[in-house]
Amino acid sequence: MKAATKFIHAGVHPDPSTGAIMTPIYQTSTFVQDGPGKHKGYEYARTQNPTRTQLQNALAAAENGKYGISFSSGLAATDTLLKLFKPGDEIISTNDLYGGTYRLMRKVWEPYGLKFRFIDMSEAGTISSYITPATKMIWLETPTNPLIRIIDIKACAAIAKQAGALLAVDNTFASPYLQNPLDLGADIVMHSATKYIGGHSDVVHGCIITNDKEIADQLYFLQNACGAVPGPQDCFLLLRGLKTLHVRMQRHCENGEQIAHFLRRHSKVNKVHWCGFEDHPGYAIAKAQMHGFGGMISFELKDNTLAAAERVLSSTKLFACAESLGGVESLIGHPASMTHASIPRAERIANGLADSLIRLSVGIEDADDLKADLEQALG
Ligand code: P1T
C-alpha cells in the first residue's frame, strides 16, 4: 500500500456497532460486563478504549510496524520506555535532542540509577567506543532538535545489534511520512504525535511502535500499570490528523525548501541548518533514509547576539512565537530560552546550540507570505 492510501485506511475499520466511518469517541470510563470477567474485550478505559485501539493500530501501520502503544504525551511515551531498564543499565543518546527528553533522562531517571551518555552521533562509527557491557539502548533523534543534524539509522542499528542493545529512534521531526526507522533496522520508534501526526496544534500525545512482541507486551503492561494514557477525544483528533499527514508533509517540505534557500541568501543571516542543502554534512544520509527534507529549520544571525535574535522573534506576524512544531501554522522559537532551557548552558554551547539560534517550524501557508513575514522581521 502506498503512503497516501496507508495513512487514510491502514489499521482502521468502520465502527462495528454502527458502521460509522470515523471511529467514534468512546467517552466512557468503564464497560458493562455480562458477569464477572464476561466482557467484550473492554473492561476499564485505562486498560483499553476502542478509540485508542484504532489509533494504536493506525499508528503501527503508519510506521510499517506491528504494535502501537499510545500515551498522554511524547514524554510519557519515553518515560514508559525507560521503565524497561534497571539501575546500572546504560543508554547512549544523541547530544542534540529535545530539552524535555534530556531533562527526563538526567533529572528523573539518572537518580533512579540509569546511566546516560550524550554524544555526537553525526559519525555513527564513534558510537562503538561508548558501548560497554551495560549498554542496553541507543536513543537518537534524526533530524535532531534543534540543529537538524542527521544520524545514520542503518549504521546505528548494526552497532546496536552487535552490542546486544536496542535502537530507539525519536522520529518526531521526520514524521512517519518522511522516515520509517523500523524499515531501517530500529527496534523502537517513538513520536511526539503532538507535532506532525496531529498536525493542527490541538492535541498532546505520544506513541511507541515496534515489531517486537516481547517489548510491545511489556509496554502494554506498563501503559496500564502506570496509566499515562490518552483520552478518547485526543485519540480521535490523532486519527483525523493522520489521514492528511502525507498531504501536509508534502507542503511542509516544499515550503521548508523555499524558506531555507531564502534565509541562506539573506544578508542578515549567517548560518542555516536544514538537511536538504547539498552541502549539509548529513545530506547523503538524509537523501537515502528520508523521503523529503521536512519543514524544520534553524538559523543564526550575522549579528550573533541574543538581542538581535529576540528582535526577530518578537517581530514576526505570521510565524507565531511559541514552543512546539509540526502544525499547519508556522512557528518561530528560541531553543536556548524555550524548548532547550533545561539543558545547562555550558553543555548546550559545547554541543553547538548558540544562545542566538532561532528555530522555525515552517507551516503550510503560502510560501511568499512566509518569506515576506521573515523579510520584514529580519529588516
Ligand atoms: O511535548 P511532548 O508531546 O511530550 O513530546 C516531547 C518531545 C519529544 N521528542 C521531540 C523530538 C520533541 O520535539 C518533543 C517536544 N518538543 C517540543 C515541544 C518542541 O517545541 O521542540
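Here goes a summary of the coordinates provided. Computed from a prediction, not measured in an experiment: that's the story for all the values here. (Residues numbered from 1 in each chain as written. Predicted model: local features only at pLDDT ≥ 70, side-chain atom pairs only at ≥ 80, totals over all residues. Heavy atoms only, no water.)

Here we come to the pairing of strand 5 (residues 166-170). Across the five residues that make up strand 5, a large majority, five, are buried. Neither face of strand 5 is left uncovered, since the one carrying Leu166, Ala168 and Asp170 and the one carrying Leu167 and Val169 both have all their residues buried. Note that strand 5 and strand 6 (residues 188-192) share three bridges and pair parallel. By the bridge assignment for strand 6, Asp170 is matched with Met190. (Buried < 20%, exposed > 50% of the residue type's maximum accessible area, 1.4 Å probe, protein only. Helix = DSSP H or I, 4+ residues; strand = E, 2+ residues; numbered from the N terminus. Pairing = 2+ DSSP bridges.)

The next subject is the sheet that holds strand 4 (residues 135-141). Think of a sheet as strands paired side by side through backbone hydrogen bonds, with each pair either parallel or antiparallel. Pairing is mixed in the open sheet, where seven strands are placed in the order 1-7-6-5-4-2-3. The open sheet has two edge strands with one neighbour each: strand 1 (67-71) and strand 3 (115-119). Ignoring which end each strand starts from, the neighbouring axes of this sheet average 20 degrees apart. Relative to strand 6, helix 3 (residues 74-82) is tilted by about 150 degrees, and along the sheet it contacts strand 1, strand 2 (90-94), strand 3, strand 4, strand 5, strand 6 and strand 7 (206-210). The strands that helix 4 (residues 99-109) touches are strand 2, strand 3 and strand 4; relative to strand 3, the one it contacts most, it runs at about 150 degrees. (Axes fitted to C-alpha atoms, helices over the stretch in contact; angles between N-to-C directions. Contact = heavy atoms within 4.5 Å.)

Looking now at the site of the ligand. Lining the immediate surroundings of the ligand are 17 residues, of which Asp170, Thr194, Lys195, Ser324 and Arg359 lie closest. A distance of 2.8 Å separates an oxygen atom of the ligand from a polar atom in the side chain of Arg359. In the complex, 93% of the free accessible area of the ligand, which totals 480 Å², lies under the protein chains. Of the residues in the shell around the ligand, the class split is three nonpolar, nine polar and five charged. Taken domain by domain, the makeup of the shell around the ligand includes at least three residues from each of domain 1 (3-243) and domain 2 (245-378). (Near = heavy atom within 4 Å. Polar contact = N/O pair within 3.5 Å; in protein donor to acceptor, adjacent residues only side chain to side chain. Areas by Shrake-Rupley, 256 points an atom, 1.4 Å probe, with all protein chains shown as cover. Nonpolar A, V, L, I, M, F, W, Y, C, P; charged D, E, K, R; others polar. Domains from an automatic or database assignment.)

Our next topic: the nonpolar core. Counting residues in each nonpolar core, the largest one holds 35 residues, and the members touching the most others are Leu59, Leu242 and Leu245. Sorting the residues of this core by element identifies helix 2 (50-62), helix 6 (175-178), strand 7, helix 8 (232-242) and helix 9 (245-265) as the ones contributing at least two each. With six residues, helix 8 is the largest single contributor of residues to this core. Split by domain, the residues of this core number at least three in each of domain 1 (3-243) and domain 2 (245-378). Each residue touching Leu245, except ones within four places of it in the same chain, is listed here: Phe7, Ser175, Pro176, Tyr177, Tyr196 and Ile197. Leu84, Leu114, Phe118 and Met190 belong to the second largest nonpolar core, which has 29 residues in total. (Core = buried A, V, L, I, M, F, W, Y, C linked by side-chain atoms within 4.5 Å.)

Secondary-structure assignment places Gly65 in the loop between helix 2 and strand 1. Considering only alpha carbons, one finds Gly65 and Ile127, 62 residues apart in sequence, at a separation of 26 Å. Residues within four places of Gly65 in sequence aside, it is in contact with Ala60, Leu182, Ile209, Thr210 and Asn211.

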